[in-house]
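Single-letter residue listing:
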Amino acid sequence: MSIEDYFRLGGFPKRFDYTGEEESDLYTCSVLDEIIKKDLKKRAKIRDKALFEKIIRYACLNTGAAFSARSIVKYLKNEHIMARTTTIARYLRLIQEGKIVSLCHRYDIRGKQALQFYEKSYITDPALKNLYSPGARIDYSSMVETIIYNELQARGYDVQVGVIPNAGIDFVVSKGSKLAYVQAAYLMPEKETEERKFSPLLQIKEAFPKYVISMDPVDLSQNGIKHLQLVRDFLLGNGFSL
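Residues numbered from 1 in each chain as written. Predicted model: local features only at pLDDT ≥ 70, side-chain atom pairs only at ≥ 80, totals over all residues. Heavy atoms only, no water.

**Student:** Please explain the pairing of strand 5 (residues 167-175) as it appears in this structure.
**Tutor:** Working note: regular strand, side chains alternate between the two faces of the sheet. Relative to strand 5, strand 4 (residues 158-164) is paired through six bridges, and the arrangement is antiparallel. Directly across from Val163, in strand 5, lies its bridge partner Gly168. Counting the residues that bridge the hairpin from strand 4 to strand 5 gives two residues, and of these Asn166 lies at a positive phi of roughly 65 degrees. Relative to strand 6 (residues 178-184), strand 5 runs antiparallel, the two being bridged by five bridges. Paired with Lys175 across the two strands is Lys178, which belongs to strand 6. Hairpin connection, strand 5 to strand 6: the antiparallel pair is bridged by two residues, and Gly176 has positive phi, about 65 degrees. (Pairing = 2+ DSSP bridges. Helix = DSSP H or I, 4+ residues; strand = E, 2+ residues; numbered from the N terminus.)

Okay, structure coming up:
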């Protein structure tokens, strides 16, 4: 399986029993239906099933985006749908418990504390986004970020979104007292894009490891910041460590 296939069709176990995209999508749909109908709706006794499924769709389509229950209520209001913040917060919690998405908290690097309200949502498998946007152009930037987040979680790291003045760090990765900072990118073909990813890491003076992970084939490491190629060095290699 190529990384391109994974971006679109994901990696649910039985997905590899199917060779065509249509068959694979049907399988993914059946997995999601099983989670929603037989687990979440039945167990949680969801009253507004249409709203619940709309929130699932929103979360899957906006993987890697920052939001809060309040911001979703505002979005729904623009769609002429009324909902309470407490209801949306509960739905998001249920979706996370169902392993459809993972909610990543923000962390103030300078203040050394977790921040409230806004979180980032990452789908647990790339196929979930394709299911809600069939035939659409792949958003490589958000998909690379999602894949990196899921892999870090799978390796048992605690992952948060870093916040520094006037900038952000995609991931603050920790295990016990060990820590690392990670920036995610699809490609950095221009110096401006490269600087946008590397410069926030230069603001952090602590001596913890700092990484930029992208699909660029050449090594762009600089100023003590390691550049890892997504597949070769990160997913299949041993380039990342705390």
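**Student:** What is the right way to read the packing of helix 2 (residues 21-44) against helix 5 (residues 85-97) from this model?
**Tutor:** Pairs of packed helices are described in terms of their axes, by the angle between the two and the distance that separates them. Interhelical geometry of helix 2 versus helix 5 gives an angle of 140 degrees and a closest axis separation of 11 Å. The pairing of helix 2 with helix 5 is recorded here as oblique in orientation. For the pair helix 2 and helix 5, the sense of crossing is right-handed. Together, Leu40, Arg43 and Ala44 of helix 2 and Arg90, Leu94, Ile95 and Glu97 of helix 5 make up the contact between the two elements. Split into classes, the residues belonging to the contact of helix 2 with helix 5 amount to four nonpolar, no polar and three charged. (Axes fitted to C-alpha atoms, helices over the stretch in contact; angles between N-to-C directions. Parallel < 35°, antiparallel > 145°, perpendicular 65-115°, else oblique. Left-handed = near helix turned anticlockwise from the far one by under 90°. Contact = heavy atoms within 4.5 Å. Nonpolar A, V, L, I, M, F, W, Y, C, P; charged D, E, K, R; others polar.)

**Student:** Explain the pattern of salt bridges to me, please; I cannot follow it from the model alone.
**Tutor:** Side-chain pairs of opposite charge can arise whenever the charged atoms involved come near each other. Tallied over the entire structure, the rule returns five salt bridges. For Lys191, the salt bridge identified is with Glu194, shortest N-O distance 3.5 Å. Of this pair, Lys191 and Glu194 both sit in helix 8 (residues 191-202), three residues apart, roughly one helical turn. Residue class for Glu194 comes out buried when judged on its relative accessible area of 10%. (Salt bridge = Lys/Arg side-chain N within 4 Å of Asp/Glu carboxyl O. Buried < 20%, exposed > 50% of the residue type's maximum accessible area, 1.4 Å probe, protein only.)

**Student:** Sorry if this is basic, but what is going on with the state of the cysteines here?
**Tutor:** By definition, a disulfide links the sulfur atoms of two cysteines through a covalent bond. Summed over all chains, the structure comprises zero disulfides. Cysteine Cys29 shares no disulfide, and the gap to the nearest cysteine sulfur, in Cys60, comes to 12 Å. (Disulfide = S-S within 2.5 Å.)

Distances and angles like these do not, on their own, reveal function.
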